[in-house]
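Geometric and topological summary
Residues per chain are reported as follows:
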Amino acid sequence: MKKDRMTKEQFREMNLKAKLQWLLQYYGLTTLVVIIALLVIFNLVKTVLFPAPEPDGHMVLLTDEFVQENALAWQKELEQQTGKDILIEVFNVSDLYGQASFSAKMGVDQIDLVVVPENEKDMLLEAEAIEKATKLELTDLYMAVTTTAREGETLEAMIAYFEKTFDVTLER
């Protein structure tokens, strides 16, 4: 038996504070790794078993002309009008992270409406993510209904709201 190893008698003679310090010193790293692993597993199980609910309507803007505050105001007003859960997100077109995030959203999430600059509109048309796009007055932006949009009252309410907001008639 090694000299630096603690015996049962030595451990029993220690007060509670000394026992906790010894346990933390001796098993600290292992305990930390186990706690982190349990948190990751718990989060994974929670995400799989209880995913976040999908919004009833989802719009994504890729622009630097509007800010998140615009989107929040539109979102709140639309939710009050429709009584549905609406999500409106803004990504900065002049930021590579914003462009990458927009592309990821288009590939993964259920998107109903998009507002994009002309070059992105052309790419979305080529990828058949949209069929037609309407130019918004006084901007270099185009608005379109995606080919995967969920038809129904919520989409129609969103279209009517933004046609009024941007003073356009959306081509579909």
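For the structure itself, look to the data block above.
This report concerns the structure included in the present document. Note that the structure is predicted; figures quoted are calculated from it, not measured. (Residues numbered from 1 in each chain as written. Predicted model: local features only at pLDDT ≥ 70, side-chain atom pairs only at ≥ 80, totals over all residues. Heavy atoms only, no water.)

1. Digging into the overall build of the protein chain
Cut-off, in case you're wondering: For the purposes of this entry, the term helix denotes a DSSP run of H or I that reaches at least four residues, the term strand denotes a run of E that reaches at least two, and both are numbered from the N terminus. With the radius of gyration taken over C-alpha atoms, the globule rule is written as 2.2 Å times the number of residues to the power 0.38. Categorising residues by exposure relies on relative accessible area from a 1.4 Å probe, with only protein chains included: less than 20% of the type maximum marks a residue as buried, more than 50% marks it as exposed, and the intermediate range marks it as partly exposed. To measure how exposed things are, a 1.4 Å probe is used in the Shrake-Rupley method; for residues, cover is taken only from the protein chains shown. Counting rule for charge: Lys and Arg are taken as positive, Asp and Glu as negative, and neither His nor the chain ends is counted. By convention, charge coordinates are those of NZ in Lys, CZ in Arg, CG in Asp, or CD in Glu.
Along the backbone of the protein chain there are 6 helices and 5 strands. What you see in the protein chain, going N to C, is helices and strands ordered as α-α-β-α-β-α-β-α-β-β-α. The globule rule puts the C-alpha radius of gyration for 172 residues at 16 Å, and the 27 Å found for the protein chain is more than 25% above it. A principal-axis box enclosing the C-alpha atoms of the protein chain has dimensions of 85 × 35 × 25 Å. When the 172 residues of the protein chain are sorted by exposure, 33% land in the buried category. As displayed, the protein chain has an accessible area near 11,900 Å², and 57% of this comes from carbon and sulfur atoms. Charge separation in the protein chain, taken as the distance between the mean sites of 17 positive and 29 negative side-chain charges, equals 21 Å.

2. What about the packing of helix H3 (residues 68-82) against helix H6 (residues 153-166)?
Short version of the rule: Axis definition: a line fitted to C-alpha atoms, limited for helices to the stretch in contact. Angles are taken between N-to-C directions and run from 0 to 180 degrees. Working rule for angles: under 35 degrees goes down as roughly parallel, over 145 as roughly antiparallel, 65 to 115 as roughly perpendicular, anything else as oblique. Whether a crossing is left-handed or right-handed is set by the direction in which the near helix is turned from the far one by less than a right angle, anticlockwise for left-handed and clockwise for right-handed. For this analysis, residues touch if any pair of their heavy atoms sits within 4.5 Å. Residues are grouped as follows: nonpolar covers Ala, Val, Leu, Ile, Met, Phe, Trp, Tyr, Cys and Pro; charged covers Asp, Glu, Lys and Arg; every other residue, Gly included, is treated as polar.
One way to put it is that H3 packs onto H6 with a least axis distance of 11 Å and a crossing angle of 130 degrees. Classified by the angle their axes make, H3 and H6 are oblique. The chirality of how H3 crosses H6 is right-handed. Residues Trp-74, Glu-77, Leu-78, Gln-81 and Thr-82 of H3 pack against Ala-157, Met-158, Tyr-161, Phe-162, Thr-165 and Phe-166 of H6. Here the contact of H3 with H6 is composed, by residue class, of 7 nonpolar, 3 polar and 1 charged.

3. Observations regarding the sheet that holds strand E2 (residues 86-91)
For clarity, the threshold we go by: Paired strands, as defined in this entry, are two strands with at least two bridges between them according to DSSP.
On the basis of which strands lie adjacent, the open sheet formed by 5 strands has the order E2-E1-E3-E5-E4 and mixed pairing. Each edge of the sheet is formed by a strand with only one pairing partner; in this case those strands are E2 and strand E4 (134-135). Alignment of E4 against strand E5 (residues 141-145), held across 2 bridges, turns out to be antiparallel. Residue pairing in the sheet places Thr-134 in a bridge with Met-143 of E5. Along the sheet, H6 makes contact with strand E1 (57-62), E2, strand E3 (113-117) and E5, crossing E1 at roughly 35 degrees.

4. Examining the pattern of salt bridges
As a reminder, the rule being used: In what follows, salt bridge is the name for a side-chain nitrogen of Lys or Arg lying within 4 Å of a carboxyl oxygen of Asp or Glu.
A complete count under the given rule lists 5 salt bridges for this structure. Across the salt bridge formed by Arg-150 and Glu-54, the nearest N and O atoms sit 3.6 Å from each other. Remark: Glu-54 occurs in the loop between helix H2 (16-49) and E1 and Arg-150 occurs in the loop between E5 and H6; sequence separation between them is 96 residues. Where Lys-121 meets Asp-122, a salt bridge forms, and the shortest distance between an N and an O atom there is 3.3 Å.

5. A few points about unusual backbone geometry
At Glu-128, a residue that is not glycine, the phi angle is positive and equals roughly 60 degrees. Inspection of the secondary structure assignment puts Glu-128 in the loop between helix H5 (118-126) and E4. For Glu-128, a relative accessible area of 61% translates into the label exposed. Within the chain, Asp-167 stands out as a residue other than glycine whose phi angle is a positive 55 degrees. Tracing the sequence through the fold places Asp-167 in the segment after H6.

6. A short note on the side chain of His-58
Heads up, the condition is: Identification of polar contacts relies on pairs of N or O atoms within 3.5 Å, with a donor-acceptor requirement for protein atoms, meaning one able to donate a hydrogen and the other able to accept it, and with residues adjacent in sequence counted only if both atoms are side-chain atoms.
Tracing the backbone shows His-58 in strand E1. Of note is the side chain of His-58, whose polar atom sits 2.7 Å from the side chain of Glu-89. Here His-58 is in contact with Leu-87, Glu-89, Lys-105, Asp-109, Gln-110, Ile-111, Asp-112, Leu-113, Arg-150 and Met-158, once residues within four sequence places are set aside.

Structural measurements only, silent on function.
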